[in-house]
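Structure at a glance
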Amino acid sequence: MSIPSIEQRVSDLEKIEAIKSLKHRYLRACDSKDVDTFRACFIERGAIMDYGRLGKHEDADPVAEIFRKVALRKESGSYVVLDMHHAFHPEIKLTDDDHAEGKWTLAFRQLDMTARTETVSSMEYEDKYVVEAGEWKISYCRAVPLWSMTRPLGESVEVVQGWGLDT
């Protein structure tokens, strides 16, 4: 087994960092309700997206539309659903120059202001990435739930919106 050159190792690290940046851009788009950036994280056509009980889709457009309807819904001028995605423990494996696989642990928190509930979940993401038009994109994304807890938001809980969101 030959040892990769320093140039190859640096190139591989740059690819892995670009993939991490892609995933973080996806997560920030989810939390900031940026549907266009969310959609742009996926390949143009044919992305497999399996979000378990939320559905499995064979393209990112239907998921972006669901995201638009749920995440951007407002009542009395405020968002109904507030999300927080924190992914960590990345394992990125380059399978060739233009393909990679990844696993991430997700800590997810969601406030449903209509139901007045907070849901906290732990999931594992299983992803596949591909270079499309010179950029890393997600071609496959599967969220595997590990556990979830939902509890009521008491009447004394005040939720303030608007720190970076268009309210």
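Here, every reference points to the structure presented above.
Below you will find a few notes about this structure. Computed from a predicted model, the values in this text were never measured in an experiment.

**Regarding helix 1 (residues 6-32)**
Here helix 1 spans 38 Å end to end across 27 residues, near enough to the 39 Å set by a 1.5 Å rise per residue. Looking only at helix 1, the buried set comprises Lys15, Ile16, Ile19, Leu22, Lys23, Tyr26, Leu27, Ala29 and Cys30. Lining the buried residues of helix 1 we find helix 2 (35-40), helix 3 (60-71), strand 5 (81-96), strand 6 (99-112), strand 7 (117-132) and strand 8 (135-152). Remark: Lys33 follows helix 1 within two positions and exhibits a positive phi of approximately 65°.

**Overview of the side chain of Lys23**
Its location among the elements puts Lys23 in helix 1. There is a polar contact of 2.7 Å between the side chain of Lys23 and the side chain of Asp127. Ignoring sequence-local partners within four residues, the contact set of Lys23 consists of Trp104, Tyr125, Asp127, Tyr129 and Cys141.

**Here's the deal with the sheet that holds strand 2 (residues 56-57)**
Strand order in this open sheet of 6 strands is 2-1-8-7-6-5, and the pairing throughout is mixed. Each edge of the open sheet is held by one strand with a lone partner, namely strand 2 and strand 5. Relative to strand 6, strand 5 is paired through 13 bridges, and the arrangement is antiparallel. Each residue of the ladder has a partner; that of Asp96, found in strand 6, is His99. Across the sheet, helix 1 lies against strand 5, strand 6, strand 7 and strand 8, angled at about 160° from strand 5, the strand it touches most.

**Considering the packing of aromatic side chains**
The tally for this structure, following the rule as stated, stands at 5 aromatic pairs. For the ring pair Phe38 and Phe67, a centre distance of 4.9 Å and an interplane angle of 40° mean the geometry is tilted. A residue pair is termed long-range when its members are at least 10 positions apart, and Phe38 in helix 2 and Phe67 in helix 3 qualify at 29 residues. Classification of Phe67 as buried rests on a relative accessible area of 11%.

**Here's the deal with the layout of surface pockets**
In this structure, the largest pocket spans a volume of roughly 820 Å³. Lining of the largest pocket is provided by 29 residues; of these, Tyr51, Leu54, Phe108, Gln110 and Met123 occupy positions nearest its centre. Elements supplying a minimum of two residues to the lining of the largest pocket: helix 1, helix 3, strand 5, strand 6, strand 7 and strand 8. Grouping the constituent residues of the lining of the largest pocket by class yields 18 nonpolar, 9 polar and 2 charged.

Conventions we followed
- Residues numbered from 1 in each chain as written.
- Predicted model: local features only at pLDDT ≥ 70, side-chain atom pairs only at ≥ 80, totals over all residues.
- Heavy atoms only, no water.
- Helix = DSSP H or I, 4+ residues; strand = E, 2+ residues; numbered from the N terminus.
- Expected span 1.5 Å × (residues − 1).
- Buried < 20%, exposed > 50% of the residue type's maximum accessible area, 1.4 Å probe, protein only.
- Contact = heavy atoms within 4.5 Å.
- Polar contact = N/O pair within 3.5 Å; in protein donor to acceptor, adjacent residues only side chain to side chain.
- Pairing = 2+ DSSP bridges.
- Axes fitted to C-alpha atoms, helices over the stretch in contact; angles between N-to-C directions.
- Phe/Tyr/Trp six-rings, centres within 6.5 Å; stacked < 30°, edge-to-face > 60°.
- 1 Å grid on protein atoms, 1.4 Å probe; cavity = no way out; pocket = protein on both sides within 12 Å on 5 of 7 lines; lining within 4 Å.
- Points joined across faces, edges and corners; volume = space filled by probe spheres on them.
- Nonpolar A, V, L, I, M, F, W, Y, C, P; charged D, E, K, R; others polar.

These results come straight from atomic positions and should not be treated as a statement about function.
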